[in-house]
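Tertiary structure, described
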Amino acid sequence: MPELAVALAAEDAGDLTLQEWDLLRSQPTVLFEDASHPLIERLAAEGVSTGAAQDGIEVGGAGAIVVPPDSPRLLEAARAGSEVRVGVARGPDPLTAAHGARLARRAARSLGELALVMARLRGPDGCPWDHEQSHASLQVHLLEEAHEVLEVIDEGRVGADLEEELGDLLLQVVFHAQIASDDGRFDIDSVARRLVAKLVHRHPHVFGDTDVSGAADVVRNWESIKAQEKTARSGPFDGIPSGLPALMAAHKTQKRAAALGFDADEDRARTNAAEALAAGDVGETLFWVVALARARGVDAEGALRKATAEFTRSL
């Protein structure tokens, strides 16, 4: 199999990176699964031998193959140890890259355009309103957009409406990153890279050699890794945002407390909730209702939001 596999459909030739082009030009032979691929003539003009990647043709470990992102040959190359190049965004390993080649190219294109639009809006010839915004002034918009996403999910509008609301929420992320970039602190690239590093680190069962038996093991590993990352915390409840809705804050607090031995099984939660209600302690009742919801795997905040919406529709 070839040492280099490039996942590039003919219609996506314009998305080829300079690094990929230089790599292809440096190969003695480049095979194409698509015999009409526009790169064939260009590579031939550079003196690179080209041909059709048919069954039985071996490159001999010194060459490259260009295939569409959904080609079975791409996965074969990845499994055989070939490096799979996907362009601007590369997966953590060849198989991931092979599966995500088209997604990576499309996302790089569209998110790149979004970053450029945001930079223009904040630029010298941009929008006066955007110029005036700060991290603080955008807080209300971030909160509003997040709640609008929750609303369309609760109402089951998970098609075009959810797509639009997620876009509005994404705008807030890009906006904050651009403000930071203007001040030389960080930018959207570093935000994304830090997130990628975090996701890869917290999923060793996907990107490493850790074995898990199910979702429960994944959660335990996630919490353990997260705890190791947050060594600067002064206490077990440090880092829980003070502005969280009360039910959500109780959920996160109980989740942290579980690591300290807090036992909140369903029977105990139900008993304590009933006792607190009988004593007229509303806050204590709500706390143990949250514990009951956690024991049943229910998000108390979302459940109450849904119940409130159903109540208003029933009137």
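None of the values given here were measured: they were computed from a predicted structure.

Turning to the nonpolar core, a few remarks are in order. Counting residues in hydrophobic clusters, the biggest one holds 16 residues, and the most contacted among them are Ala5, Ile65, Leu74, Val84, Val86 and Ala98. Secondary structure elements with two or more residues in this core: strand S1 (4-7), strand S4 (64-67), helix H3 (72-79) and helix H4 (94-122). Grouped together as the second largest cluster of nonpolar side chains are 14 residues, Leu24, Val30, Phe32 and Ile40 included.

The next point concerns the environment of Leu75. Note on placement: Leu75 falls in helix H3. Along the backbone, Leu75 and Pro241 are 166 residues apart, and their C-alpha atoms lie at a distance of 44 Å.

Further remarks concern a nonpolar patch on the surface. Taken together, Leu111, Leu170, Val173, Phe186, Ile188 and Val191 make up a surface patch of nonpolar side chains, about 430 Å² in accessible area. Of all elements in the fold, only helix H7 (160-182) and helix H8 (188-201) reach the threshold of two or more residues within the nonpolar patch. With respect to the helices and strands, Leu170 occurs in helix H7. Taking the relative accessible area as the measure of exposure, Leu170 reaches 34% and is therefore partly exposed.

A word on the sheet that holds S1. Strands sit in the order S3-S2-S4-S1-S5 across an open sheet of 5 strands; the sheet is parallel. If you trace the sheet from one side to the other, it starts and ends with strand S3 (49-52) and strand S5 (83-85), each paired once. The average undirected angle you get between the axes of adjacent strands in this sheet is 25°. Taken together, the 4 bridges between S1 and S4 define a ladder with parallel strand orientation. Bridge pairing in S4 places Ala7 opposite Val67. Helix H1 (residues 18-25) rests against S1, strand S2 (29-32), S4 and S5 of the sheet, and its axis sits at about 135° to S1.

In this model, the chain carries an average pLDDT of 88, and 94% of its residues clear a pLDDT of 70 or more. Here helix H10 (residues 215-229) stands out as the element of the chain with the lowest mean pLDDT, 80, in contrast to H7, whose mean of 98 is the highest.

Parameters and conventions
Residues numbered from 1 in each chain as written. Predicted model: local features only at pLDDT ≥ 70, side-chain atom pairs only at ≥ 80, totals over all residues. Heavy atoms only, no water. Core = buried A, V, L, I, M, F, W, Y, C linked by side-chain atoms within 4.5 Å. Buried < 20%, exposed > 50% of the residue type's maximum accessible area, 1.4 Å probe, protein only. Helix = DSSP H or I, 4+ residues; strand = E, 2+ residues; numbered from the N terminus. Patch = residues over 30% accessible without salt bridge, like charges linked within 9 Å, V, L, I, M, F, W, Y side chains within 5 Å. Areas by Shrake-Rupley, 256 points an atom, 1.4 Å probe, with all protein chains shown as cover. Salt bridge = Lys/Arg side-chain N within 4 Å of Asp/Glu carboxyl O. Pairing = 2+ DSSP bridges. Axes fitted to C-alpha atoms, helices over the stretch in contact; angles between N-to-C directions. Contact = heavy atoms within 4.5 Å. pLDDT = per-residue confidence, 0-100.

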